[in-house]
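# Chain and residue survey
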Amino acid sequence: RKEVEQDPGPFNVPEGATVAFNCTYSNSASQSFFWYRQDCRKEPKLLMSVYSSGNEDGRFTAQLNRASQYISLLIRDSKLSDSATYLCVVTPFSGGYNKLIFGAGTRLAVHP
Amino acid sequence: EAGVAQSPRYKIIEKRQSVAFWCNPISGHATLYWYQQILGQGPKLLIQFQNNGVVDDSQLPKDRFSAERLKGVDSTLKIQPAKLEDSAVYLCASRHQGTGDADTQYFGPGTRLTVL
């Protein structure tokens, strides 16, 4: 079983749509959680951290369910510029050092 | 602030040849990472340095891959000899904090390696 699993997509949605991505992780001791965004042929960039209480950044909302080992990302009012691959990332317990475990990513294509 | 620099950006070699990649992290960042990203997959950590010491190289294929960060700043990743399955983007990342909380990792643009 992969440490971090995501639906690969692609998700093809019209502008203005709401889209949700899901992610599960296998290590119950995982400490920190993130969503990264990766544009085509570019490097990954941090989109947002994910907190147990849930957190929002503009049109983006992230949720974490530790009991179910499940992370989600909701994008409201999708824009063309949101087209990218969204990577679910966890930090396992690794002796205090920050080590990122990436999912394979979910591709989003927003069309006019 | 300058970002993480990597070179070359692209490299094409034949199998069994050797190749080296270079990374210059953000100034002052003690932690440096090398990741391998195969097409259609997420990045996979190969090796992590804290200053010039190796913290984690558990997923580095040590029979052919090597990496060093001699002065705790720049780093090089070498593959010798290369195999077809080494075709991937090699990403370097750096982070300011040495331990503790999961501070942001900043990625370089990557080196796209094609092995023929």
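Just above, that's the structure.
Values in this document were obtained by computation on a predicted structure and should not be read as measured data.

Attention now goes to the overall build of chain B. A tally of regular secondary structure across chain B gives zero helices and eleven strands. Along chain B, helices (α) and strands (β) appear in the sequence β-β-β-β-β-β-β-β-β-β-β when read from the amino end. Radius of gyration (C-alpha) of chain B: 13 Å, near the 13 Å computed for a compact globule of 116 residues. Projected onto the principal axes, the alpha-carbon positions of chain B cover approximately 40 × 25 × 25 Å. Looking at chain B residue by residue over its 116 residues, the buried ones come to 46%. Residue pairs at least 24 apart in sequence account for 53% of intrachain contacts in chain B once pairs closer than 6 positions are excluded. Charged side chains of chain B number 13 positive and 11 negative; the gap between the two group centres comes to 7 Å.

The next point concerns the pairing of strand β5 (residues 44-50) of chain B. Residues and elements named next belong to chain B. Burial analysis of β5 places six of its seven residues in the buried class, which makes it a mostly covered element. Alignment of strand β4 (residues 31-37) against β5, held across six bridges, turns out to be antiparallel. In the sheet register, Y33 faces β5, and the bridge partner there is Q48. Pairing of β5 with strand β6 (residues 53-56), which is carried by three bridges, proceeds in the antiparallel orientation. Counterpart to Q50 in the pairing with β6 is G53.

The rules we used
Every residue gets a number counted from 1 within its own chain, in the order that chain's sequence is written. Numbering of ligands from 1 and lettering of chains from A proceed in the order in which they are written. In keeping with the model being predicted, local features are shown solely for residues with a pLDDT of at least 70 and side-chain atom pairs are shown and tallied solely at 80 or more, while totals for entire chains, interfaces and linings include all residues. Side-chain numbers come from the whole structure's heavy atoms, not from hydrogens or water. Secondary structure follows DSSP: runs of H or I at least 4 residues long count as helices, runs of E at least 2 residues long count as strands, and numbering of each begins at the N terminus. Using C-alpha atoms as the atom set, the radius of gyration is obtained and then compared with a globule rule of 2.2 Å times the number of residues to the power 0.38. Each residue gets one of three labels from its accessible area relative to the maximum for its type: buried under 20%, exposed over 50%, partly exposed in between, using a 1.4 Å probe on protein chains only. By definition in these notes, contact holds between two residues if any of their heavy atoms fall within 4.5 Å. This count recognises Lys and Arg as positive and Asp and Glu as negative, with His and chain-terminal groups excluded. We put the charge of a Lys on NZ, of an Arg on CZ, of an Asp on CG and of a Glu on CD. The pairing criterion for strands is at least two bridges between them, as found by DSSP.

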